[in-house]
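Survey of secondary and tertiary structure
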Amino acid sequence: MSYLQNILEDKIEAWRSEANQLIDLKGDTVISEVTVNQVYGGMRGIKGLICDTSSVSPDTGLIIRNYPLLEITHILPEEVFFLLLTGDIPDETALTDIQSQLSKHAEVPTYVWDMLKAMPNDSHPMTMFNTAILSMSNESVFKKQYSQGMAKQDFWKAILQDAIQLVAKLPAVGAGVYRIRFEKGELIDPDPSLDWGANFAHMLGIPDPDNTVKKLMRLYLMLHCDHEGGNVSAFSALTVASALSDPYYAVSAGLNGLAGPLHGLANQECLRFVLEIKNHFNGVPSNKELTDFVWEHLNNGRVVPGYGHAVLRCPDPRFTAFMKFGKEHIQDSLIFSIVQKLFEVVPPILLEQGKAKNPWPNVDAASGSLLYHYGITEFSFYTVLFSISRAMGMVSQMVINRALGIPITRPKSVTAEWISKNT
Ligand code: CMX
């Protein structure tokens, strides 16, 4: 039994009894009512899921296991993974244990590389990344043990093994997608002396003389790790996993949702928008020029990528963390200056337009400018970075859901005729 599994064993016993107690005491308590607006409005605001790994408060943003995000931006991605799974920031022993497990399972099967190299050379990096994950479903410990009759109370242990083994491989898969798709040369082997995020930077092969790219990747992979349970990617992944499809199927499914422009792909769209502005004005526009440009964009029926959010009603703390990094490291970058100017100009415009419920920037508004500055200019790759990180949240939620025995997801739908006759 691994050190992590040992720790979780005790915690899960406590979580199970807490859940049973809540169900006994409050099982019939109403926590949400559903209006016709919500049925036609993407179920916005309906409380219908349990998720303990993180929560999103509209006015402060992401809280990971009771830690407001901006208080823990210094921790490593693998530390945040441990935190998501257990509720604790790891001590030295626990950190060494999770790092050694991630390192032990980092090798990617050869058939994944063969498959990625055989894909059309204009494939989107997200198609390649998600296909690579799906292709590894045969590696699933859960799938194997389930077919051998594993008991339901032990499901979480096999899911935990899959969680570690899958997350361990993602930096290499992501870096491999980058190098294959953009013809960067041979794949680069992991460096066992590096931590998980730094190793990703190393395998991308971006010049990094002062280790700032490693620092950025640690921050990037930490910040995107989870965003409670109801966003498209988490909800999709968890729904698929609730059918007891293995985590490879489920994570790939969730990430297919992340690949949509209203969700994770917004980081690619954002950088495209910033470059459009740069090319249009041949540099950084004045506030007046930028204001006119943004209005024209909106009046053409397009959204401003990187702004707005379904839950948040404040500047996203993940955006704030990236801006802090940018101000510290690339203050004189032209692209970053445009991002800063957009932050001044866009919220008042969205407020004046009066449609978006949240005029503030989200996680995707600043991240691309940092990646671009350090030489990752292929912006269709950006959502892969988001995915490597977000997989940690998805698999952590899966471990907990299986531990709590959450059943298959099956909300009820109604017809328009039913609404018209019954409401
Ligand atoms: N630019 C222009 N219009 C916007 C807008 C933006 N950034 N954000 C919202 N709106 C519009 C919506 O399109 C909607 O218009 P219609 O009534 O014409 O359909 C209206 O404002 C109300 O939308 P909302 O309730 O405020 O927002 P939703 O919860 O429906 O959608 C989101 C949230 C993120 C999809 C939306 O704000 C958006 O499209 N933003 C731009 C894309 C983006 O940055 N996505 C990344 C989100 C973070 C992530 O998941 O990675």
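Please read all numbers here as calculations on a predicted model, not as lab measurements. Here the residue numbering is sequential within each chain, running from 1 through the sequence in written order. Given that this is a predicted model, residues contribute local features only at a pLDDT of at least 70 and side-chain atom pairs are listed and counted only at 80 or more, while totals for whole chains, interfaces and linings are drawn from all residues. Values reported for side chains reflect all heavy atoms of the structure, with hydrogen atoms and water molecules removed beforehand.

**Overview of the nonpolar core**
Which entries qualify depends on this criterion: To form a nonpolar core, buried Ala, Val, Leu, Ile, Met, Phe, Trp, Tyr and Cys residues must be joined to one another through side-chain atoms within 4.5 Å. In this scheme, a residue with accessible area under 20% of its type's maximum is buried, one over 50% is exposed, and one in between is partly exposed, where area comes from a 1.4 Å probe on protein chains only. Secondary structure follows DSSP: runs of H or I at least 4 residues long count as helices, runs of E at least 2 residues long count as strands, and numbering of each begins at the N terminus.
Residues Ile 64, Val 294, Leu 342 and Phe 381 are the most contacted members of the largest nonpolar core, which totals 126 residues. The dominant element in this core, judged by the number of residues it contributes, is helix α8 (residues 155-181), at 17 residues.

**Concerning the packing of helix α16 (residues 334-353) against helix α17 (residues 364-373)**
Worth spelling out the cut-off: Axis geometry follows a simple rule: fit a line to the C-alpha atoms, using only the stretch in contact for helices, then measure angles between N-to-C directions, giving values from 0 to 180 degrees. Orientation categories follow fixed angle ranges, with anything under 35 degrees roughly parallel, anything over 145 roughly antiparallel, 65 to 115 roughly perpendicular, and all other angles oblique. Should any heavy atoms of two residues lie within 4.5 Å, those residues are considered in contact. Residues are grouped as follows: Ala, Val, Leu, Ile, Met, Phe, Trp, Tyr, Cys and Pro are nonpolar; Asp, Glu, Lys and Arg are charged; all remaining types, including Gly, are polar.
Two elements in contact, α16 and α17, have axes whose closest approach is 9 Å; the angle formed by their N-to-C orientations is 170 degrees. The pairing of α16 with α17 is recorded here as roughly antiparallel in orientation. Across the interface between the two elements, Ile 335, Phe 336 and Val 339 of α16 pack against Ala 365, Ala 366, Ser 369, Leu 370 and Tyr 372 of α17. When grouped by side-chain class, the residues that make up the contact of α16 with α17 number seven nonpolar, one polar and no charged.

**Some remarks on the packing of α8 against helix α18 (residues 382-403)**
Between α8 and α18, whose axes approach to 9 Å, the crossing angle comes to 175 degrees. When the axes of α8 and α18 are compared, the pair comes out roughly antiparallel. Contact residues: Phe 155, Trp 156, Ile 159, Leu 160, Ala 163, Leu 166, Val 167, Leu 170, Pro 171 and Gly 174 in α8; Val 384, Ile 388, Ala 391, Met 392, Val 395, Met 398, Val 399, Arg 402 and Ala 403 in α18. Taken together, the residues of the contact of α8 with α18 sort by class into 17 nonpolar, one polar and one charged.

**Comments concerning empty space enclosed by the protein**
Basically, it comes down to this: A 1.4 Å probe that fits but cannot get out identifies a cavity on a 1 Å grid over protein atoms alone, an open set with protein on both sides within 12 Å along at least five of seven lines counts as a pocket, and a residue lines either if it has an atom within 4 Å of a point. Grid points are joined across faces, edges and corners, and a volume is the space filled by probe spheres set on the points.
Within this structure, the stated rule accounts for two cavities of 30 Å³ or more. Its boundaries defined by the atoms lining it, the largest cavity holds a volume of some 50 Å³. In terms of lining residues, the largest cavity is bounded by Ile 50, Cys 51, Asp 52, Thr 53, Gln 397, Ile 400, Asn 401 and Leu 404. Of the residues contributing to the lining of the largest cavity, the split by class is four nonpolar, three polar and one charged. Considering only enclosed or pocket space, the second largest cavity measures out at about 30 Å³ in volume. In terms of lining residues, the second largest cavity is bounded by Cys 270, Phe 273, Val 304, Pro 305, Tyr 307, Val 339, Leu 342 and Ala 365. Looking at the lining of the second largest cavity residue by residue, the classes come out as eight nonpolar, no polar and no charged.

**Description of the site of the ligand**
In plain terms, the rule: Residue proximity to a molecule or strand is established when one non-hydrogen atom of the residue lies within 4 Å of it. What qualifies as a polar contact is a pair of N or O atoms within 3.5 Å, subject to a donor-acceptor requirement within protein and to the restriction that residues adjacent in sequence count only when both atoms come from side chains. A 1.4 Å probe and the Shrake-Rupley method give the accessible areas. Residues count as covered only by the protein chains that appear here.
Close to the ligand lie 21 residues; His 263, Gly 306, Tyr 307, Lys 357 and Asp 364 are nearest. Between the ligand and Leu 262, the relevant distance is 2.9 Å, taken from a nitrogen atom to a main-chain nitrogen or oxygen of the residue. For the ligand, an oxygen atom lies 2.6 Å from a polar atom in the side chain of His 263. Its free accessible area being 890 Å², the ligand has 75% of it covered by the protein chains. Counted by class, the shell around the ligand contains 11 nonpolar, six polar and four charged residues.

**Details of the pattern of salt bridges**
What counts is decided by this rule: By definition here, a salt bridge exists when the distance from a side-chain nitrogen of Lys or Arg to a carboxyl oxygen of Asp or Glu is within 4 Å.
Within the structure shown, the criterion is met by 12 salt bridges. For the salt bridge of Lys 288 with Asp 292, the shortest nitrogen-to-oxygen distance reads 2.7 Å. Here Lys 288 and its partner Asp 292 are both found in helix α14 (residues 287-299), four residues apart, which amounts to about one turn of the helix. The class for Lys 288 is exposed, based on a relative accessible area of 56%. We classify Asp 292 as partly exposed; its relative accessible area is 39%. Residue Asp 316 pairs with Arg 318 through a salt bridge whose shortest N-O separation is 2.7 Å.

The quantities given are spatial measurements derived from coordinates; they are silent on function.
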